Amino acid sequence: MLLTGGLKSLLPHVLRRIIRCNRHSISNTSGMAEGYKQANIVILHKSLADDFEKFCHANKGPLPLLYRSKPGDWKCPSLSSDSDIRTDCPQYRVYEHGAFTGSVKSLKEYSEQLKDMVTFYLGCSFSFEKAIQNAGIPIRNVEQECNVSMYKTAVPCYSISTFCCNLVVTMRPIPESKLEAAVLATSELKQAHGAPIHIGDPGLLGIQDLSKPDYGDPVHLHPGDIPVFWACGVTGVEAVINCRSPLAFTHSPGCMFITDLKNDSVTVGSSSEVPQVYCISQDPLHYSMVSAEATQKIKNLENLIGIDPGDRGIIHLHRPDELLKACLAISHARSVLITTGFPTHFSYEPPEENDGPPGALAIAAMLQALEKDVAIVTDQRAMDLNKKIIDDAVQLGILKRPVPLLSYRRENADSALRFLCENGNPRRPRFDHLIAIERAGMAADGNYYNARKVNIKHLVDPIDDLFLAAQTIPGVTTTGVGDGGNELGMGKVKEAVKKHIKNGDTIACDVEADFTIVAGVSNWGGYAIACALYILSTCEIHDRYLRKAVGFPQLLKKKIWLSALPSVTKEEKLLKALVQHGVRSGKTASLEMEVDGLPFYDTHSLMIEKLL
């Protein structure tokens, strides 16, 4: 690729003239006309133009529309002063009935056909390269003097009429320490695809091999680089192929139309709109994105539930941002398995306490509202009780529909893997995320203890096996919610439990979860998860990242999500139903405590509502 310093610094109109005259061999326009917008090109018959424009508006991430020409118009006055779309891209592709029939340097020989065709100019990620460099971030493909890598994904775009295809992305290796800077540099450049749509393992997009791009050239990652993916205008090429129009033209990937428009210096409107990046999984490597405003709300929730009403020392178990990272992971999950049940009243029937089920059902209700699959796994001896509780929750309007209820038994060494995965295949997990809330956890000696150091192993099925097995399944993450350190998942903080919690040396759970949420009462942790999922779902930055910048924002469903939030009324009704089933309080009930003259839960509910 010829990319001398002179060519890089030339003004767009001069570059277009050079390209038009074919004076230099230019294989791609990456790094050229720094600071100016470049455009992907799609040229279609006028009969298809309206539908393609709708397709662009429905998929603004990959297809930000800069300009639509009139039929037969070869110029684009709002983008450039003197241009001819027949000659001003370094190379074009010709498609007939969806088949690629060849590349050409000029479209002049098609001038007659072009009279009935419309040109679409679509934003390009080359436009934001200067902004990335200004942030002190290297552009690896420019360093390696090659085209950017482009990949077809398994992510479907929103279809309009005959236009349907999967998203195409560009990949740029970004040093891990520069991830947030790269996101910030591009997030407001909407006409150049905006912020990344995925950070981390390419397999999560359906990309099998980074060394084999579908378009462009392979770009090598340096040690410490993370693959970062942006939506790409070559998505339009895939749409052209699938619509099978008799004749269509596009730019050759990487060979863009260079406009006279400068990338304006864009600043984020307020600190609340600043995107933040969090790692939510190491295997596969996966980062998520959320606004600073949503992050702060969830941190406030985490502080809120961390109050220790029994003064048991749980403040020493707290790990910052665990609620946020857990809920980001849950937000990305398609199917969630919840477990609860702590038979602390071992001499009664039923032995369960009322801390756990309300929080579990609050999470399940929000997951249902978010249209995720959710199931509950519990002890075989408690199946009938939990079925009654779930039925009550449906009748009380807490759940939209019954949640599938499962039990687990250890029959052999592969039982947990076969329970979690289809035919025991770790590449086909049934659940993406496991949540344990106020669930008895196995101690280091293999027993299960209540807070008073009484062994209750005979009442507990080994559901811990599922959390241990999940550690071996790529893509499955886990969360533990507890208030004393003897709950499933609290193994992550077991040393603090041993040091700061009464009887901790004996009762500390030995089984870790990826994320550990510590609350004054475990139910509060469940309510906080439900509220945090609502906050994430109403965060525009997170919503866009979840849907990979294709389709439309999901915020129209806000009323449904809002109705699924926990409330004092719902908790009171469910606690009364639990009493009718013989379930007793395991610790000081939240409704019996007062803070500033208000019941403790009411105080928290009011604060949560204020946060939301």
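Residues numbered from 1 in each chain as written. Predicted model: local features only at pLDDT ≥ 70, side-chain atom pairs only at ≥ 80, totals over all residues. Heavy atoms only, no water.

Asker: Quick question: what am I supposed to make of the overall build of the protein here?
Answerer: When its secondary structure is counted, the protein shows 21 helices and 22 strands. With the principal axes as the frame, the protein shows a C-alpha extent of 90 × 55 × 45 Å. Every one of the 612 residues in the protein was classed for burial, and the buried ones make up 58%. Pairs at least 24 apart in sequence give 76% of the contacts found in the protein among residues at least 6 apart. Surface exposure of the protein reaches about 24,400 Å², of which carbon and sulfur atoms provide 49%. For the protein, the centre of its 65 positive side-chain charges and the centre of its 69 negative side-chain charges are spaced 5 Å apart. (Helix = DSSP H or I, 4+ residues; strand = E, 2+ residues; numbered from the N terminus. Buried < 20%, exposed > 50% of the residue type's maximum accessible area, 1.4 Å probe, protein only. Contact = heavy atoms within 4.5 Å. Areas by Shrake-Rupley, 256 points an atom, 1.4 Å probe, with all protein chains shown as cover. Lys, Arg positive; Asp, Glu negative; His and termini not counted. Charge placed at Lys NZ, Arg CZ, Asp CG, Glu CD.)

Asker: Where do I start with the nonpolar core in this structure?
Answerer: Generally speaking, a soluble globular protein has its nonpolar side chains buried in company with each other. Of all hydrophobic cores here, the largest spans 63 residues; its most connected members are Leu323, Ile338, Met366 and Ile529. Counting residues per element, this core draws most heavily on helix α17 (residues 522-537), which supplies 11 residues. If we skip the residues at most four places from it in the chain, Ile338 touches Ala360, Ile363, Ala364, Leu367, Val374, Ala375, Ile376, Val377, Ile435 and Ile437. In terms of nonpolar packing, the next biggest core, distinct from the first, is built from 44 residues, Cys157, Val168, Ala231 and Cys243 among them. (Core = buried A, V, L, I, M, F, W, Y, C linked by side-chain atoms within 4.5 Å.)

Asker: Could you clarify how one ought to interpret the packing of helix α11 (residues 357-369) against α17 in this entry?
Answerer: The geometry of a pair of packed helices is captured by two quantities: the angle between their axes and the separation between those axes. Close contact between α11 and α17 brings their axes to 7 Å; oriented N to C, the two are set at 15 degrees. Regarding the angle of α11 to α17, the classification is roughly parallel. Seen from above, α11 lies across α17 with left-handed handedness. Taken together, the residues of α17 that come into contact with α11 (itself represented by Pro357, Pro358, Gly359, Ala362, Ile363, Met366 and Leu367) are Asn523, Gly526, Tyr527, Ile529, Ala530, Leu533 and Tyr534. (Axes fitted to C-alpha atoms, helices over the stretch in contact; angles between N-to-C directions. Parallel < 35°, antiparallel > 145°, perpendicular 65-115°, else oblique. Left-handed = near helix turned anticlockwise from the far one by under 90°.)

Asker: Sorry if this is basic, but what is going on with the domain arrangement of the protein here?
Answerer: Domain boundaries in the protein define domain 1 (8-262) and domain 2 (276-611). The distance between the C-alpha centroids of domain 1 and domain 2 comes to 44 Å. Surface buried jointly by domain 1 and domain 2 totals about 1,700 Å² across both partners, of which 66% is contributed by carbon and sulfur atoms. Among the residues of domain 1 in contact with domain 2, Glu180, Ile197 and Ile199 are the three that bury the most area, contributing 28% of the side total. At the boundary of domain 1 and domain 2, one finds zero salt bridges. (Domains from an automatic or database assignment. Buried area = accessible area lost by both parts, 1.4 Å probe. Salt bridge = Lys/Arg side-chain N within 4 Å of Asp/Glu carboxyl O.)

Asker: Got a minute to help me understand the sheet that holds strand β7 (residues 166-175) in this structure?
Answerer: Strand pairs in the sheet, formed through backbone hydrogen bonds, run parallel or antiparallel to each other. Sheet architecture is open: seven strands sit in the order β9-β6-β7-β10-β8-β14-β13, paired in antiparallel fashion. The open sheet has two free edges, formed respectively by β9 (215-216) and β13 (275-282), since each of these has just one partner strand. Here strand β8 (residues 198-200) runs beside strand β10 (residues 225-231); their pairing, made up of two bridges, is antiparallel. Across the sheet, the residue bridging to Ile199 is Val228, located in β10. This element, helix α7 (residues 179-187), spans β7, β8, β10, β13 and β14 (285-291) of the sheet and lies at about 135 degrees to β13. Across the sheet, helix α8 (residues 235-243) touches β6 (149-156), β7 and β9, and the angle it forms with β7 is around 160 degrees. (Pairing = 2+ DSSP bridges.)

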